[in-house]
Amino acid sequence: MTNRPALPPGQRLRQSFDRFGLGLFANRVVDKNTAPSLRIRGDLKQELTVTDQLQSLDRVDQLSDFHCVTTWSVVGLKWSGYRFRDFYHNIVVPQCLPDSDSHFVVFRSYDGYAVSMSLHDLLRDNVLLADNVDGNPLGIEHGGPLRLVAPDHYGYKSAKHLESIEFWRDSRYYRFPFPYPNLMDHPRGRVEYEERAKWLPNWLVRPLYRVLQAPARRKHARAVKAYKGSKT
Ligand SMILES: Nc1nc2c(c(=O)[nH]1)N[C@H]1C(S)=C(S)[C@@H](COP(=O)(O)O)O[C@H]1N2
Ligand SMILES: [Mo]
């Protein structure tokens with residue numbers, strides 16, 4: 001018998017890492033087989049579009065687990081990319097000169113997805129801007145050309161298909177993608193403390209999300225199949 005470390009509270013193991021997300025985004029397939037291009041904006045002195053500069057950062061390979069808020073987890077994913085912390089300190093700070101209190105970070109994606117995290121949480125050692133998983137460049141399934149990977153936070157914080165990153169003093173310009181209620185987005189979303197949603201108790205959120213999980217997965221799988229079918 002193998003001894004697996006226990007999963008975080010409320011999580012159940014899955015063997016395959018499938019494309020997943022909110023239903024609204026299932027049919028918004030982002031097919032960007034290009035080099036990453038990231039717009040940086042917010043409460044800062046200088047906006048910037050980052051392309052080749054990313055490659056000046058140290059490449060990091062990392063094994064980490066992935067925990068979706070709807071209670072599925074996959075373990076031992078091998079990501080490759082750049083540390084968010086290096087990106088922040090070596091590119092954002094010197095070139096964009098963010099205001100000293102611009103700690104509210106918003107990620108916006110090519111499919112219209114948006115999510116926020118605190119700068120404090122993003123500066124953890126294991127937060128990556130990843131371009132590769134399990135040896136493959138990220139594609140339409142897992143967030144090409146570049147996505148966030150924040151393993152200590154629920155999967156919905158790991159925005160795929162990144163288009164821009166914004167550093168704001170407060171949450172003025174942000175809401176969780178309409179029509180989904182803002183309460184689906186916990187300000188921290190840490191897996192360890194089971195911060196699944198704002199205000200709602202976990203005894204309610206767990207079963208609710210478990211029911212919604214399978215239909216969402218099917219919708220995402222169907223969309224990929226239809227998209228690939230339309231390309232052949
Ligand atoms: N752009 C974008 N990022 C996203 C999502 C999405 O629909 N669009 N879904 C989030 C959710 S809920 C999860 S669990 C993970 C799923 O990542 P995967 O599709 O690589 O499994 O992406 C997150 N990031
Ligand atoms: Mo998720």
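Caption draft 1: Here's a closer look at the site of ligand 1. Residues in close proximity to ligand 1 total 20 residues, the closest being Asp18, Asp111, His142, Arg147 and Lys160. Contacts to ligand 1 include Asp111, whose side-chain N or O atom sits 2.8 Å from a nitrogen atom. His142 is positioned with one of its side-chain polar atoms (N or O) 2.6 Å from an oxygen atom of ligand 1. Across the complex, the protein chains shield 98% of the 530 Å² of accessible surface that ligand 1 would expose by itself. At a threshold of 2 Å from the grid points, most atoms of ligand 1 map onto the largest pocket.

Caption draft 2: Main features of helix H3 (residues 202–231). For H3, spanning 30 residues, the distance from its first C-alpha to its last is 42 Å, which sits close to the expected 44 Å at 1.5 Å a residue. Along its length, H3 shows its largest kink, about 30°, at Gln213, and proline Pro215 lies within four residues downstream of that point. Residues of H3 that are buried include every one of Val205, Tyr209, Gln213, Ala216, Arg217, His220, Ala223, Val224 and Tyr227, and no others.

Caption draft 3: Summary view of helix H1 (residues 84–96). The end-to-end C-alpha separation of H1 is 15 Å, well short of the 18 Å expected for 13 residues at 1.5 Å each. Those residues of H1 not exposed but buried are Phe84, Asp86, Phe87, Tyr88, Ile91, Val92 and Cys96. Positioned one or two residues after H1, Leu97 has a phi angle of 45°, which is positive.

About the thresholds
- Residues numbered from 1 in each chain as written.
- Chains lettered and ligands numbered in written order.
- Predicted model: local features only at pLDDT ≥ 70, side-chain atom pairs only at ≥ 80, totals over all residues.
- Heavy atoms only, no water.
- Near = heavy atom within 4 Å.
- Polar contact = N/O pair within 3.5 Å; in protein donor to acceptor, adjacent residues only side chain to side chain.
- Areas by Shrake-Rupley, 256 points an atom, 1.4 Å probe, with all protein chains shown as cover.
- 1 Å grid on protein atoms, 1.4 Å probe; cavity = no way out; pocket = protein on both sides within 12 Å on 5 of 7 lines; lining within 4 Å.
- Sits in = over half its atoms within 2 Å of the grid points.
- Helix = DSSP H or I, 4+ residues; strand = E, 2+ residues; numbered from the N terminus.
- Expected span 1.5 Å × (residues − 1).
- Bend = angle between axes of the 7 residues up to and from the residue.
- Buried < 20%, exposed > 50% of the residue type's maximum accessible area, 1.4 Å probe, protein only.

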